Amino acid sequence: MKVSVLGAGPLTAPLTQLLTLAGSEVRAAAPEAPAEELAAALGHAELVFLTIPGPQLAASLPGLGLRPEHRIVVCGRGPDEATGLWLSELVSLRTPCLRVGALAGPLSPAEVERGSPAAAIIASPFQDVRVRAQAALHSPRCRVYTSDDLRGVELSASAARALTAAIGMSDAMGMGAGVRGLLLSRGLAEVRRLGKAVGANPDTFVGLAGVGEVVAASAAADDSAYLAGRALLRGDADPHEEALAVTAALVKLGERNKVDLPLLEAVHEVATGRLTAKEALKGLMERAAKLGGE
Amino acid sequence: MGFGLWRRARYPRCMPSVPAIFNAPFAHEQAEKLLKRSRARRAKLTDQAISELLSDTVYQERRRYESDRPEPGEAERVERAATAIAHDDRPAMERSLDELITAYTEEIHNRFSPRAYAAATRVLPQALTRLVTATDPARLLSGDFDPDRRIVVQGHIDMVRGLCERGTVILAPTHLSNLDSPLIGYCLFRAGLPPFAYGAGLNLFTNPVMAFWMSRLGAYTIDRRKNGLIYKETLKDYSVELFRGGFHSLFFPGGTRSRSGMVEKSLKKGLLGTGLQAWQENLHDARPNPDVFVVPMTLSTSLVLEAETLISDALAAEGKSRYIINDDEFSDAGTVFSFLRRVLNLDSAIYATFSQPMDVLGNPVNAQGESLGPDGAVIDRRRYVCDASGQVEWDEQRDRVYTERLARALVRAFHRDNVALPTHLAAMAAWRALKRRHPRLDTWRLVRLGRDERLVPKSSLMEEITSLREQVGRLAVAGHIRAALPEDADDLLQGAISRFDSYHTRRTIELLEHEVRIDPELALYYRNRLVGYGLDGDAVAAEVSA
């Protein structure tokens, strides 16, 4: 299958590698590449993977030259902080492309480079996009699952980045496995609540896009979200880093939908300098006791 | 009354030519086309699948007969189908399917008559004038009745007229009242547009005189009591054939009148998707004018004939509203005429807005009928459904998602072009004032308040009107809604009350010395027209905010 990979994010190299391994004919280009180069990369493609990180996607879209015939798979994490739109929505509202999906899952660049098996999930309301993207990427090296719950997969993948940052922060504070378990399980409860509110399947977070990605990313010392979490404790985190930008966008989404997200809000408070990591943890632990799991 | 007076009236301003395509084929020709479609589909089906398809219809029809007496021959057809299923006899099942489809087509079919249309369009403006001035013959003599001030037809009219020449147009209006169909027919005529075929509920055909005229003015029949798959497929096939034949068509995408009074947020996708189907078939056959366009139309009226029945139905204790209502205000001719006379006596009581036309995927189109991308550049819409060589790639699942997108685009247009009128705003203010007085009560309890509990301070109502007037003004400036509201809060309230009192026997808002008594049901109904904009603590509909 003829595929384009547009972007210069951390997923560009591993994705290109896995697509090639699966037998796809891949052409890659950076979004800031000259127009002729972009046109050449797009010209032959029936499927386009956008590996541009979420915070840069809105600015990059107008210059890409996407056309109605392209099927798009978004690999960044949203929602877009400025508009609150999911990245797939951003593509379908800002470009002529309607057939849009998203890729998520534990695709660690270092592990792909080492040759370890990988897995991913492709979500789209269009079966055509799911089938083509799966055919382009699926191989003995990479298992690819599909889902029609695009909103759920985008939400899960974004929340996974935010929770990985929270775990990075807690690890940097020297907290133990118990706190990791607490963060993962309470994070799961928050995302399920948010998922219900925005029309996603709350169970999607339990799959590859959510729990699968958190477990993998928080175990990889070089994961960007995990490192961003560690940097929060040091006070030198870049607020534009994807995981932190996504956390801010999810907190806004929670406010709009009147969903209580204490854990994500705590990470956001630390990222914006309103609380220290210790104050945030103390605040979470001192919340009134609750009956029931949710 | 001299004929000269009628001639002095400015009607008809324009008499659109009736296109040749409206020489509708006879029912049996139409049935042949639909049978061909059905046979092509069922050729791929197993005996089991055919049996299930037929069984569904047998079950649904038998169920229907429990409450509705079948027409002569109907029950026998269904029982023949049941026998064929019982004998597992494929040829007999196929014959039964053909028989059902032929009968359904005969029932649905539009017998449009250009002569009847021409006669009706000549008579209608005069009839309207006569109806309105009947209360005050002096006004007729003074010739000051101007229907253009009563029924404001606005929006992308010129573009729609041009698109009617370039392809087939589907008009998709909001739906509040059974009077919407004739109202839209009048608006089409006033806009100089050709006649449209339209789907009308079978209940509207119960009066033989109405049935004769409706059918000949372009109405085809939709029987919402028929829930069988075969009927639904036949109806969709009929719609595709209409579009393929170049018949401009109108159907209400909400399926039925909005019970709550809200602007439609959820649309029926079945018929809506037939435009996309027809367009692709036209492309496949390389027809000369293959394009199908969709035009959202928003009807905004100060008063609604059936308001009292509809809101009662929406609030029905069992929570299950009746899909078909046969005993509402529309069924009483006296009430209808009284309503029309009163409403048409009000200035700017009715707004019919033609929204930005779009393609069958929900993209806006320009005057040339070309689709526009998000940046306003022309895009080749065929690439959404064709492969690189230009051949149509058939994909029903993809088309369902495209149709959902079209539905969202329609909902956005409905909200954007909804016109906020004094009755809507005053009703929302009254509802808010009532909620302020009873903050712990939910909707269901508020509508059941006793007479004295419905009193609120007049100052409270005026505060709400002032605040809402400002909010709606801001929304209108931002292009999220249209508004036709007086600046002054007192004028707005007086205007609303005089409109309410001109028709409803129940006082929606009754001014007392220092207090106001509110009819919660009617206030809720008219207030609902402004729901979805975040004005009353309600969430802004996702479709609206996108």
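Since this is a predicted model, take the numbers as computed values, not measurements.

A.B. asks: Provide a residue-level description of the overall build of chain A, including the pertinent values.
C.D. replies: Tallying secondary structure elements over chain A gives 13 helices and seven strands in all. Taking contacts inside chain A between residues at least 6 apart in sequence as the whole, the part at least 24 apart equals 69%. Split by element, the accessible area of chain A, about 11,700 Å² in all, is 55% carbon and sulfur.

A.B. asks: Break down the sheet that holds strand β6 (residues 118-123) of chain A for me, with residues and values.
C.D. replies: Residue and element names in this part refer to chain A. Strand order in the open sheet formed by seven strands is β2-β1-β3-β4-β5-β6-β7, and the pairing between neighbours is mixed. Each having just a single partner strand, β2 (25-29) and β7 (142-147) make up the two edges of the open sheet. On average, adjacent strands in this sheet sit at an angle of 25° to one another, irrespective of strand direction. With four bridges connecting them, strand β3 (residues 47-50) and strand β4 (residues 71-74) associate as parallel partners. Among the inter-strand pairings, Leu-47 is bridged to a residue of β4, identified as Arg-71. In this fold helix α7 (residues 150-172) packs onto β5 (100-104), β6 and β7, with an angle of close to 35° to the strand it touches most, β5.

A.B. asks: How would you explain helix α3 (residues 47-65) of chain B if you had to name every residue and give the values?
C.D. replies: The terminal C-alpha atoms of α3(B) lie 27 Å apart, and with 19 residues this matches the ideal 27 Å at 1.5 Å per residue to within 8%. For α3(B), the complete set of buried residues consists of Ile50(B), Ser51(B), Leu53(B), Leu54(B), Asp56(B), Thr57(B), Val58(B), Gln60(B), Glu61(B), Arg64(B) and Tyr65(B).

A.B. asks: Please give an account of the environment of His248(B) that cites residues and values.
C.D. replies: Residue and element names in this part refer to chain B. Position of His-248 among the secondary structure elements: in the loop between α12 (229-244) and β5 (249-250). A distance of 3.3 Å separates the side chain of His-248 from the backbone oxygen of Cys-164, its partner in a polar contact. At a separation of 3.1 Å, a polar atom in the side chain of His-248 contacts the main-chain amide nitrogen of Val-169.

A.B. asks: Break down the packing of α7(A) against helix α8 (residues 177-197) of chain A for me, citing the residues and quoting the values.
C.D. replies: For any two helices packed against each other, one specifies the inter-axial angle together with the distance between the axes. All names here are of chain A. Running from amino to carboxyl end, α7 crosses α8 at an angle of 155°, the nearest separation of the two axes being 10 Å. Overall, the two elements α7 and α8 adopt an arrangement that is roughly antiparallel. Handedness of the α7/α8 crossing: right-handed. Along its contact with α7, which presents Leu-155, Ala-159, Leu-163, Ala-166, Ile-167, Ser-170 and Asp-171, the element α8 presents Val-179, Arg-180, Leu-183, Gly-187, Leu-188, Val-191, Leu-194 and Gly-195.

A.B. asks: Which residues make up the interface of chain B and chain A, and what values do they have?
C.D. replies: With 13 residues of chain B in contact, the opposing surface of chain A contributes 15 residues. Of the roughly 1,300 Å² buried between chain B and chain A, counting both surfaces, carbon and sulfur atoms make up 61%. Among the residues chain B hides against chain A, the three largest losses belong to Pro374(B), Arg383(B) and Tyr384(B). Together they make up 39% of the total. The residue Glu69(A) makes a salt bridge to Arg383(B) at a minimum N-O spacing of 3.5 Å. In this structure, the connection of chain B to chain A is made through five residue pairs in polar contact (both at pLDDT 80 or more). Element by element, the count of residues in the side of chain B that touches chain A is highest for helix α17 (residues 396-416) of chain B, at five residues. Taken together, the residues of the side of chain B that touches chain A sort by class into six nonpolar, one polar and six charged.

A.B. asks: How would you summarise the nonpolar core if you had to cite specific residues and measurements?
C.D. replies: The biggest cluster of nonpolar side chains holds 83 residues, and the ones touching the most others in it are Phe49(A), Leu103(A), Leu107(A), Leu137(A) and Tyr220(B). Among the elements that line this core, the one with the most residues is α17(B), at eight residues. For Leu137(A), the contacting residues outside a window of four places in its chain are Leu15(A), Leu18(A), Leu19(A), Ala22(A), Leu103(A), Ala120(A), Cys142(A) and Val144(A). Listed in part, the 51 residues of the second largest apolar core include Leu305(B), Met428(B), Ala433(B) and Leu475(B).

Conventions we followed
- Residues numbered from 1 in each chain as written.
- Chains lettered and ligands numbered in written order.
- Predicted model: local features only at pLDDT ≥ 70, side-chain atom pairs only at ≥ 80, totals over all residues.
- Heavy atoms only, no water.
- Helix = DSSP H or I, 4+ residues; strand = E, 2+ residues; numbered from the N terminus.
- Contact = heavy atoms within 4.5 Å.
- Areas by Shrake-Rupley, 256 points an atom, 1.4 Å probe, with all protein chains shown as cover.
- Pairing = 2+ DSSP bridges.
- Axes fitted to C-alpha atoms, helices over the stretch in contact; angles between N-to-C directions.
- Expected span 1.5 Å × (residues − 1).
- Buried < 20%, exposed > 50% of the residue type's maximum accessible area, 1.4 Å probe, protein only.
- Polar contact = N/O pair within 3.5 Å; in protein donor to acceptor, adjacent residues only side chain to side chain.
- Parallel < 35°, antiparallel > 145°, perpendicular 65-115°, else oblique.
- Left-handed = near helix turned anticlockwise from the far one by under 90°.
- Buried area = accessible area lost by both parts, 1.4 Å probe.
- Salt bridge = Lys/Arg side-chain N within 4 Å of Asp/Glu carboxyl O.
- Nonpolar A, V, L, I, M, F, W, Y, C, P; charged D, E, K, R; others polar.
- Core = buried A, V, L, I, M, F, W, Y, C linked by side-chain atoms within 4.5 Å.

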